[in-house]
Amino acid sequence: MKVVIDVGGSYIRVVSSRDGKRFLNKDRFSSEKDFSTGIARIIASITRVCSGESPSQIVIGIPGTIDHDTQKPLVVPQLPSWNNRDIKGELFREYRSRISVVNDAELGALGEAIFGAGKEHRIVGYLAAGTGI
């Protein structure tokens, strides 16, 4: 089971998939300003969308600057208590699966290029206009 999480300034969305192409279950809830509360709600949501099955891979998109070496968000403008927090470590301790923490716009661009409007094109441009704009 694979899980993709989109942490936004207003909402957090969590989806599961077996094949990486179709969603099985999805969840959405308000973003939590407090990191500890937010990560606890994400963990509970992962358990729900996976129907109790342990995820093999989790990808989480964060709206801010990500240190690609540590995969920690350096600055999350809408959620400052998430700055420099070990999201990958928190999720790994819970699930012991492959975890990737990436910028949410990069994740959106990749999805659009592979599965969306850009899938038939060699070069794709993407402009993200979210809560932070």
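Residues numbered from 1 in each chain as written. Predicted model: local features only at pLDDT ≥ 70, side-chain atom pairs only at ≥ 80, totals over all residues. Heavy atoms only, no water.

Caption draft 1: Representation of helix α2 (residues 87-95) in the model. Among the residues of α2, those classed as buried are Ile 87, Gly 89, Leu 91 and Tyr 95. Contact partners of the buried residues in α2: α1 (35-49), β4 (57-62), β6 (72-75) and β7 (98-103). Positioned one or two residues after α2, Arg 96 has a phi angle of 55°, which is positive. (Buried < 20%, exposed > 50% of the residue type's maximum accessible area, 1.4 Å probe, protein only. Helix = DSSP H or I, 4+ residues; strand = E, 2+ residues; numbered from the N terminus. Contact = heavy atoms within 4.5 Å.)

Caption draft 2: View of the packing of α1 against α2. Close contact between α1 and α2 brings their axes to 11 Å; oriented N to C, the two are set at 40°. With respect to each other, α1 and α2 are oriented oblique. With respect to the hand of their crossing, α1 and α2 are arranged in right-handed fashion. Here Phe 35, Ile 39, Ile 42, Ile 43, Ile 46 and Thr 47 of α1 come into contact with α2, specifically with Ile 87, Glu 90, Leu 91, Glu 94 and Tyr 95. (Axes fitted to C-alpha atoms, helices over the stretch in contact; angles between N-to-C directions. Parallel < 35°, antiparallel > 145°, perpendicular 65-115°, else oblique. Left-handed = near helix turned anticlockwise from the far one by under 90°.)

Caption draft 3: Focus on α1. For α1, with 15 residues, the first-to-last C-alpha span of 21 Å sits near the 21 Å given by 1.5 Å per residue. Buried within α1 we find Phe 35, Gly 38, Ile 39, Ile 42, Ile 43, Ser 45, Ile 46 and Val 49. When α1 is viewed along its axis, its buried side chains cluster within an angular range of 165° and face the same direction. Once α1 ends, the next one or two residues include Ser 51, with phi positive near 50°. (Expected span 1.5 Å × (residues − 1). Arc of directions from axis to C-beta.)

Caption draft 4: Spotlight on the packing of aromatic side chains. The tally for this structure, following the rule as stated, stands at one aromatic pair. Between Phe 35 and Trp 82, the ring centres sit 5.2 Å apart and the planes meet at 90°, which makes this aromatic pair edge-to-face. Placement of Phe 35 in helix α1 and of Trp 82 in the loop between β6 and α2 is noted, with a sequence separation of 47 residues between them. Using a relative accessible area of 0% as the deciding quantity, one classes Trp 82 as buried. Its end group placed over the ring of Tyr 11, Arg 28 keeps NZ or CZ at 3.7 Å from the ring centre. (Phe/Tyr/Trp six-rings, centres within 6.5 Å; stacked < 30°, edge-to-face > 60°. Lys NZ or Arg CZ within 6 Å of the ring centre and 35° of its normal.)

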